[in-house]
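Here is how the chains run, residue by residue.
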Amino acid sequence: MEEINFTASQEMNSIRIDKALLTKVDFSRTRLQQLIAEGLVEVNDEVVKANYKLKTGDEVKISVPEVVEYEVKPYPMDLDIRYEDEDVIVINKPKGLIVHPTASTTEHTLVEGVLAHCKDLSGINGVMRPGVVHRIDKDTTGLIIMAKNDAAHNFLAEQLKDKTMNRKYYALVNGVIGHDNGTIDAPIGRDPNDRQKMAVTDKNSKDAVTQFKVLERFNKYTLIECSLKTGRTHQIRVHLDYIGYPVVNDPKYAPRKMKGDGQLLHAHQLTFIHPRTKQKMTVEAPLPSNFADFLDKLRKEEKKDNE
């Protein structure tokens, strides 16, 4: 990884870091914003946001990962398509499938499967993420919408921005939640102790709001439905762990004795305004078998205990 270091001059005083960097390195604005968002730009050994205003004498360090060429090619795979037309495709993503390639990806991704199915996807997010409007984690199952053209992509992206796209998730958590409804309003940023994790923190973070309601209680678990008011990385998983109810089998955020092979978190409902018809649409996806089987086992145990 290459490092670029410089000291902020007097001319840079009070200038936003993202704008100042454009005068120091030959990168596009998008590339620089990506580096900042990934925590690879530091000022005085502290990660900063794009709106940080430089001060004369600030020591700036940019960590630039090596560029790895990657060509996204269609790769046929079985897709659980819940809705499709000339503008959008909504897929029920299975556990263990990454949404789009990264520089370090060595396995096939959902994007490659969709390209094999419909040939064309929007190009707004570049060659690595064609069609990708939003993402869900590798082991989170459920609905994801992708755009087939740029006009549809822009329209859907605006809905994410103004919060008119509604996403609902089922989550099974460790512990019994006593109240029926709740709102978790806590900012999320990169975990300063582990760059692979996110955390609730006031440092270099963004506002994050998750609402939930209890659907079913068990002896040691609670089934809830979560609604996202923001879309931060790992948001539901981080928020539920923060309030003391980590998602069952979460390999990253659950306590060591509760870790498993993939969180029981499922995006079961997606509501959006169609980019062409302007009609509101709701698409749903049933629970995957591993999640449903876990619930069935709990219900049988509850019934047996009550007999």
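Everything below is about the structure shown above.
Residues numbered from 1 in each chain as written. Predicted model: local features only at pLDDT ≥ 70, side-chain atom pairs only at ≥ 80, totals over all residues. Heavy atoms only, no water.

A.B. asks: Tell me what's going on with the pairing of strand 8 (residues 166-174), and back it up with residues and numbers.
C.D. replies: Pairing between strand 8 and strand 15 (residues 265-273): six bridges, direction antiparallel. Each residue of the ladder has a partner; that of Arg167, found in strand 15, is Leu270. Across seven bridges, strand 8 lies against strand 14 (residues 221-228) in antiparallel orientation. Residue pairing across strands places Tyr170 opposite Glu225, the latter belonging to strand 14. (Pairing = 2+ DSSP bridges. Helix = DSSP H or I, 4+ residues; strand = E, 2+ residues; numbered from the N terminus.)

A.B. asks: Please give an account of helix 6 (residues 289-306) that cites residues and values.
C.D. replies: If you check helix 6, its first and last C-alpha atoms are 26 Å apart, about what 18 residues at 1.5 Å a residue would give, namely 26 Å. Here helix 6 has its buried residues at Phe291, Leu295, Leu298 and Glu302. Considered in projection along helix 6, the buried side chains sweep an arc of 60° and stay on one side of the axis. Exposed side chains of helix 6 directed beyond 90 degrees from the buried face belong to Ser289, Lys297, Lys300, Lys303 and Lys304. (Expected span 1.5 Å × (residues − 1). Buried < 20%, exposed > 50% of the residue type's maximum accessible area, 1.4 Å probe, protein only. Arc of directions from axis to C-beta.)

A.B. asks: Please give an account of the packing of aromatic side chains that cites residues and values.
C.D. replies: For the structure shown, the criterion picks out one aromatic pair. Relative to Phe294, the ring of Tyr221 lies with its centre 5.8 Å away and its plane at 90°, an arrangement referred to as edge-to-face. Taken as a pair, Tyr221 in strand 14 and Phe294 in helix 6 lie far apart in primary sequence, 73 residues in all. By relative accessible area, Phe294 is classed as partly exposed at 22%. One residue, Lys278, lies across the ring of Phe155, its end atom 4.8 Å from the ring centre. (Phe/Tyr/Trp six-rings, centres within 6.5 Å; stacked < 30°, edge-to-face > 60°. Lys NZ or Arg CZ within 6 Å of the ring centre and 35° of its normal.)

A.B. asks: Mind laying out the sheet that holds strand 11 (residues 198-200), listing which residues take part and the relevant values?
C.D. replies: The strand order across the open sheet built from three strands is 11-10-12, with neighbouring strands paired in antiparallel fashion. Bordering the open sheet on either side are strand 11 and strand 12 (205-206), each of which pairs with just one other strand. In this sheet, strand 12 lies alongside strand 10 (residues 188-190) in antiparallel orientation, the contact comprising two bridges. What sits directly across from Ile188, in strand 12, is Lys206. Contacts between helix 5 (residues 235-242) and the sheet are confined to strand 10 and strand 11, with strand 11 contributing the most and set at about 45° to the helix. (Contact = heavy atoms within 4.5 Å. Axes fitted to C-alpha atoms, helices over the stretch in contact; angles between N-to-C directions.)

A.B. asks: Please provide a residue-by-residue account of the layout of surface pockets, values included.
C.D. replies: Size it by volume and the second largest pocket reaches roughly 150 Å³. Every residue along the wall of the second largest pocket is listed here: Phe218, Asn219, Lys220, Tyr221, Phe294, Lys297, Leu298, Glu301, Glu302 and Asp305. The element contributing the most residues to the lining of the second largest pocket is helix 6, with six residues. Residues of the lining of the second largest pocket, tallied by class, amount to four nonpolar, one polar and five charged. (1 Å grid on protein atoms, 1.4 Å probe; cavity = no way out; pocket = protein on both sides within 12 Å on 5 of 7 lines; lining within 4 Å. Points joined across faces, edges and corners; volume = space filled by probe spheres on them. Nonpolar A, V, L, I, M, F, W, Y, C, P; charged D, E, K, R; others polar.)

A.B. asks: Can you break down the sheet that holds strand 3 (residues 46-47) residue by residue, with the values?
C.D. replies: If you walk across this open sheet you meet the four strands as 1-4-2-3, and the pairing is antiparallel. The strands lining the two open edges of the sheet, one partner per strand, are strand 1 (2-7) and strand 3. Across three bridges, strand 2 (residues 41-43) lies against strand 4 (residues 59-64) in antiparallel orientation. Note that in strand 4 the partner of Val41 across the bridge is Ile62.

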